[in-house]
Structure formats: C-alpha cells, structure tokens
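# A look at the structure
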Amino acid sequence: MTPTRLLAAAAVAGAAALVLSGCVAKTDAAASGALTVTSTDDGCAVSSASAPSGTVAFDVSNKSDQVTEFYLLASDGLRIVGEVENIAPGASRNLTVVAQPGDYFTLCKPGMVGDGVGKASFSVTGDAVAVEGPDAEQKQKAVDLYAAFVKDQVGQLLPAVKTFTAAYESGDDAAAKEQFPRVRAYYERIEPIAEALGDLDPRIDYREVDAVAEGLDWTGFHRIEKDLWVPAQDALNADGETPAWKDWTPSTPDERKTHGDKLVSDVQELYDYVHGDEFTQALDAQGVAGISNGAIALLDEVASGKISGEEDWWSGTDLYDFAANVEGSKMAFSLVRDFAESKGDKGAELVTKIDKGYADLEAALAAHGSADAGFVPYSQLTEADKRQFTDLINALAEPLSQLTVTVLE
C-alpha cells in the first residue's frame, strides 16, 4: 500500500456488542460508586468482576514503581473498550466508559509495553444501552479507541521483536522460526501506520524483490526470514524469475546482529511515532472516514499479497498474516459499525452483509488452523482452497466498499 492510503488502515479483531465508548468526562458515576483498580508490578486487582450496563467507572491507582496503563478489553481480548495511560507511580486516574452487556477483560500494563499483567474476566450485566450524545463526540471516541489500539499493538510488538531478534542473532533458529509469524501479527494488524512515515514500512517489511526493484537496502522481517528458511540452491525468489541465491548468501553472525538491531531500531521508531502528537493529529484529521477506509485497505492487503503466497515466500506462514489483516479490517469496521447501522434500512442491510462476509472468511481460515494453534503452511493449500478465499474476499469487499460513504451520509 502507498503512504497516501495512510491511516486508512485500522486495527484488529472482533466486533463485540458494545457502544462506541472510551475515556469520557468524569461523571457522578466516576465520583461515587467507581470500581477501584490497583496496578502493581505483577498484578491488576479490580474491586469487582462485574458491573451493570451503562456508565462504568474505574478509579485506577498505580502502586508499582513504573508508569502504568489500565485497559478494559472486549471479549476477544484485543479490542480496547477503554483505556487510561501514563499513570505515574503513586498516582491515580479515572476511566469512565459506556459498556453494553457482555464479557470483557481487565488488564494493567506496567512499563506500558508487553502483554500486560493481571488479565481477568469482567462481565457487564443488564439491558442494552442506546448510543447517545452528539454525533461528533461519538465519532471522536471511535478515533480515540483506534489510537489506543494501535498504541497497544505496537507496545506488544516492540518487546516481541526484541525477543525474536535475540534468538535470531544468537543462532537459535528453532525459537526464531516459532516466533516469526506470531511477532508479525502485531505489525500486520496496524501495518499501514508505518507507511505514513515514508520508508519505514519498506525498512521493516519489504520483500527482497520489492527492495531490489526500488534500489533500497533490503532489511527487516523478510531479510531475517530468508536466513531462517534458507532456500534450495535452485529456488527462485517471489517474482518466480530471479534465482534465490543471486546476490545473496546466508548472513554471518555479525550480519545477523546488524539485521536484528536494525529491525529493533525501526520498530522503536514506529513506537515513538504512535506515542507522539503527530500520530494523534493525523488520526484526528482523518476522522472516522480514515477508520472505515482502513477496513477496505487491510482487506486489500490480503488480496494483494497473502492470498498469492508471496508475502512470506520462504517460511510459508502467509495464513498468519492473512488472519491478522482480517482481524485488522474487522476491527476498523467494528469502530464505525454503529454509525453505518444507524443510517436506516440501507445501513442495517449493509452491516448485515459485512458481518456475514467476515464470519464466512473467518470460518474458511479456521479450517486451516488458528494463530494460537498454528496454521498450515501455505504450500498445503489447494487451488480450490485459494479460489474459495478469493471468492470470500471479493464477496466481503463489495459491501465493504460502500462503508465509508454510508458512515458519512
């Protein structure tokens, strides 16, 4: 994708049944009757595991020696319903969300990186709550939640990349191979964010044939991938023409350190960007149109690279990337779903078609594995499998292409 499609790509998985919600103004509910949260270096204690639907307030106290964050996550464990960040040691902050009935998770993140600690189930009971408030305010909440998700994904990507490259640099190829597709999932869910920074995505994620075609130094995930899955002497690159060993040999230990350190540095640059003002300003300028367009853009990522098996040419782990792109697309849709559905019969019909499209695509992916249990190598897909995926992507792309104009009507 090109930088002009920028933040048109949103992030990850699963639309839970909830109102567009987030950090909102402190209300009476936050002042009295708030649930208490104690964040420590290794725990995240919430005073209750349930709350009635509607306004739910959390009073978060940081008892650790690191700056921390608190998250309320949807049932898939990925979508951020609400979060409060930058809570200094010894400080307290409030989070107030509007939550629909359903299952959630609470989580704290001392240090503001990694997977977090103290993840626990949380339930919201009672009746569904209607979306209220000015349309502009609700749309800004959607943008804010997208920003929170991106920060969370990059916050998990950075330490995962450090662990992955440490294994690669030390020659522990078995560990690096196991980690490769799972580390990449964090990036694939939010990949176009890097494209907003000029050559950052090429540095992180270009295939060899793309880098050579543009006269760029080849670095990043796929440079490391080729070292881990050394091709046969007569193999061809992803263009189907160039010999795999032309102008390439397996990296020496010193070269591995250079490639690994470079990837960490580039991901750190991405981390710094999404935690800066420029990222926030770019998102605000795009608004919900950028999010809805992102659902389309990430599905395009599947169609243009993953479905052909050209992305992870040496490892054959394309289905992991495929699944992460679909998660990203579905997350983008989930953030604007309520706006589309509110546009009368036309909007409701569109949402129904999109919901079905995602469900059908996810079911087809599940027939070949999962991100947790592992997907089959791309080489094991039959031509019929590939045709099925292509047909399902096309079936979803058609109604999805109408999403932005419907949301903005």
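### Brief notes about the overall build of the chain
If you tally the helices and strands in the chain, you get 13 helices and 11 strands. Computed over its C-alpha atoms, the radius of gyration of the chain comes to 22 Å, within 12% of the 22 Å expected for a compact globule of 409 residues. Principal axes of the C-alpha set define a box for the chain whose edges measure 70 × 55 × 35 Å. Counting only residues that meet the buried cut, the chain has 54% of its 409 residues in that class. Of the contacts formed within the chain by residues at least 6 apart in sequence, a portion of 74% connects residues at least 24 apart. Surface accessibility of the chain: about 16,500 Å² in total, with carbon and sulfur atoms responsible for 50%. In the chain, 32 side chains carry a positive charge and 67 a negative one; their mean positions are 1 Å apart.

### Some words on the pairing of strand β1 (residues 35-39)
Regular strands place side chains that alternate from one sheet face to the opposite one. The two faces of β1 differ: L35, V37 and S39 on one face are buried, but T36 and T38 on the other face are not. As paired elements, β1 and strand β4 (residues 54-62) share five bridges and run parallel to each other. When the bridges of β4 are listed, L35 appears paired with F58. Direction of pairing for β1 relative to strand β2 (residues 44-46): antiparallel, over a ladder of three bridges. Opposite T38, over in β2, you have A45 as the bridge partner. Joining the antiparallel neighbours β1 and β2 is a turn of four residues.

### Considering the pairing of strand β6 (residues 80-87)
Burial analysis of β6 places seven of its eight residues in the buried class, the great majority of the element. Linking strand β5 (residues 68-73) back to β6 in an antiparallel pair, the connection comprises six residues, with G77 at a positive phi of about 75°.

### Comments concerning the sheet that holds strand β8 (residues 102-108)
Sheet architecture is open: five strands sit in the order β3-β9-β8-β5-β6, paired in mixed fashion. In this open sheet, the two edge strands, each paired with only one partner strand, are β3 (50-52) and β6. Between one strand axis and the next, the sheet turns through 20° on average, direction left out of account. Pairing analysis gives six bridges linking β8 to strand β9 (residues 117-125), with the strands arranged antiparallel.

### Digging into the sheet that holds strand β7 (residues 92-99)
Ordered by their spatial adjacency, four strands build an open sheet running β2-β1-β4-β7, and the pairing between neighbours is mixed. The open sheet terminates on both sides in strands that have one partner only, identified here as β2 and β7. Going from strand to strand, the sheet's axes swing by 20° on average, the running direction of each strand aside.

### A few points about the pattern of salt bridges
With the rule as written, the count across this model stands at 29 salt bridges. A salt bridge links D312 to R184, with the shortest nitrogen-to-oxygen separation between them at 3.5 Å. With D312 in the loop between α9 (277-306) and α10 (318-341) and R184 in helix α3 (residues 173-190), the pair connects residues that are 128 residues apart, well separated along the chain. For D312, a relative accessible area of 0% puts it in the buried group. In this structure, D266 engages R203 in a salt bridge whose closest nitrogen and oxygen atoms are separated by 2.6 Å. Pair noted here: D266 is in helix α8 (residues 253-274) and R203 is in helix α5 (residues 200-205), with a separation of 63 residues, a long-range link. Taking relative accessible area as the criterion, D266 reaches 1% and is therefore assigned buried. Taken together, the shared-partner salt bridges in this structure form one network comprising R184, E188, D205, E301, K306, E311, D312 and D321.

Rules used throughout
Residues numbered from 1 in each chain as written. Predicted model: local features only at pLDDT ≥ 70, side-chain atom pairs only at ≥ 80, totals over all residues. Heavy atoms only, no water. Helix = DSSP H or I, 4+ residues; strand = E, 2+ residues; numbered from the N terminus. Rg over C-alpha atoms; globule rule 2.2 N^0.38 Å. Buried < 20%, exposed > 50% of the residue type's maximum accessible area, 1.4 Å probe, protein only. Contact = heavy atoms within 4.5 Å. Areas by Shrake-Rupley, 256 points an atom, 1.4 Å probe, with all protein chains shown as cover. Lys, Arg positive; Asp, Glu negative; His and termini not counted. Charge placed at Lys NZ, Arg CZ, Asp CG, Glu CD. Pairing = 2+ DSSP bridges. Axes fitted to C-alpha atoms, helices over the stretch in contact; angles between N-to-C directions. Salt bridge = Lys/Arg side-chain N within 4 Å of Asp/Glu carboxyl O.

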